[in-house]
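Summary of structural features
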Amino acid sequence: MSHAAVGAPGTPRRYLHSLWLLSARDLKVRYSTSFLGYLWSVLDPLVMSAIYWFVFTQIFHRDVGEEPYIIFLISALLPWVWFNASVSDFTRAFKKDARLVRSTAIPRSIWVNRIVLSKGMEYLFSLPVLVLFIVVNLLVETNPKFVVEVGWGVLWVPVAMLLQTVLLVGLGLLVAPLCVMYVDLERTTALILRAMFYATPIIYNVTDLPGLFQTLGAFNPLAGIFMLYRMPFFPDQWNLFTLVISVVMCLVILALGIWTFRKLERPVLKEL
């Protein structure tokens, strides 16, 4: 391709073109080598949602969350899958393509950003799961208390996606180089993610937490982001304090990630 089509080396246009090619490659490899292909983007969150719904509505007595609970659950579970899968891949971002990382002239941050983009696209591919449950709810549910309503809060969803992208880029620039320098961090990150699932308002809301834990829970940057994802269905979840904390923490993590990445870029290349 000519420079006019992809941009001259070192330009933002060339960077974006390379980012798209790498992200598309990730998706192609993921779907072309699987028999079910794209269906995994739907089946995986569908099965997870069904299991959590069954456990927390049919087996255990639940006094957290909102009704309909399945919509409350899925609206946060889907972006959590994006977050969890991205952070997991950050730990191997440079090791997986070590030769390309060393030899290419494009900025090394692209190996982090391509994970954020490809996993974000998988999140978009999984949204039919949420749509399916909304349609089923509207067709089957007869009790007005359990009927979902989609309101003006849907305008907050792009904001939530933008904030989550900022958060993931910051975490990626932080985690990826550190995992090259300190090998044990890869397993440590996996353990942290397991704990974070229960420390993040997915199966519950921040306001369901007692006393001091409610304030502490608001300092989880995902709390405000997931609140925005739920705004189309549960506008009464709005909490300005939680949102402001999430925005500030996302920006702080991004700044910390950029600083760490710049400090460790040369040592990482030597280590690879």
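It should be noted that the structure appears before, not after, this text.
Residues numbered from 1 in each chain as written. Predicted model: local features only at pLDDT ≥ 70, side-chain atom pairs only at ≥ 80, totals over all residues. Heavy atoms only, no water.

Some points on the overall build of the protein chain
If you tally the helices and strands in the protein chain, you get 11 helices and 0 strands. Counting from the amino terminus, the protein chain carries its helices and strands in the arrangement α-α-α-α-α-α-α-α-α-α-α. Taken against the 2.2 N^0.38 rule, which gives 19 Å for 272 residues, the C-alpha radius of gyration of the protein chain at 20 Å falls within 12% of a compact globule. Principal axes of the C-alpha set define a box for the protein chain whose edges measure 60 × 45 × 30 Å. Residues classed as buried in the protein chain amount to 44% of the 272 residues present. Intrachain contacts of the protein chain at a sequence separation of at least 6 include 77% that bridge at least 24 residues. On the protein chain, roughly 14500 Å² of surface is accessible, and the fraction owed to carbon and sulfur atoms is 69%. (Helix = DSSP H or I, 4+ residues; strand = E, 2+ residues; numbered from the N terminus. Rg over C-alpha atoms; globule rule 2.2 N^0.38 Å. Buried < 20%, exposed > 50% of the residue type's maximum accessible area, 1.4 Å probe, protein only. Contact = heavy atoms within 4.5 Å. Areas by Shrake-Rupley, 256 points an atom, 1.4 Å probe, with all protein chains shown as cover.)

Here we look at helix H10 (residues 221-230)
Here H10 lies mainly inside the structure; 10 of its 10 residues are buried. Along H10, the residues classified as buried are Pro221, Leu222, Ala223, Gly224, Ile225, Phe226, Met227, Leu228, Tyr229 and Arg230. In this structure, the buried side of H10 is in contact with helix H4 (69-90), helix H6 (110-140), helix H7 (157-181), helix H8 (185-199), helix H9 (211-218) and helix H11 (240-271). Sitting at the head of H10, Asn220 places a side-chain oxygen 2.9 Å from the backbone nitrogen of Leu222. (Polar contact = N/O pair within 3.5 Å; in protein donor to acceptor, adjacent residues only side chain to side chain.)

Things to note about H11
Between its terminal C-alpha atoms H11 stretches 44 Å, which fits the 46 Å expected from 32 residues at 1.5 Å a residue. By the largest-angle criterion, Leu264 marks the main kink of H11, which is about 50°, and a proline, Pro267, follows within four residues. Looking only at H11, the buried set comprises Thr242, Leu243, Ile245, Ser246, Cys250, Ile253, Gly257, Thr260, Phe261, Leu264 and Val268. Structurally, H11 contributes buried residues whose contacts are with H7, H9 and H10. If you check the start of H11, you find a side-chain oxygen 3.1 Å away from the backbone N of Phe241, and it comes from Asn239. (Expected span 1.5 Å × (residues − 1). Bend = angle between axes of the 7 residues up to and from the residue.)

A look at the packing of H4 against H7
Between H4 and H7, the shortest axis-to-axis distance is 9 Å and the interhelical angle comes to 20°. One element, H4, and the other, H7, form an angle in the roughly parallel class. By crossing handedness, the relation of H4 to H7 is classed as right-handed. Packed against H4, whose contacting residues are Pro79, Trp82, Phe83, Ser86, Val87 and Phe90, the element H7 presents Met161, Gln164, Thr165, Leu167, Leu168, Leu171, Gly172, Val175 and Ala176 at the interface. (Axes fitted to C-alpha atoms, helices over the stretch in contact; angles between N-to-C directions. Parallel < 35°, antiparallel > 145°, perpendicular 65-115°, else oblique. Left-handed = near helix turned anticlockwise from the far one by under 90°.)

Quick notes on unusual backbone geometry
At the junction of Glu67 and Pro68, the peptide bond is cis and its omega measures out at 0° in the coordinates. As for its position among the elements, Pro68 is in the loop between helix H3 (39-59) and H4.

Regarding the nonpolar core
Counting residues in each nonpolar core, the largest one holds 66 residues, and the members touching the most others are Ile71, Trp80, Phe83, Phe90 and Ile225. Mapped by element, the contributors of at least two residues to this core are helix H2 (12-32), H4, H6, H7, H8, H10 and H11. At 14 residues, H4 tops the list of elements feeding residues into this core. (Core = buried A, V, L, I, M, F, W, Y, C linked by side-chain atoms within 4.5 Å.)

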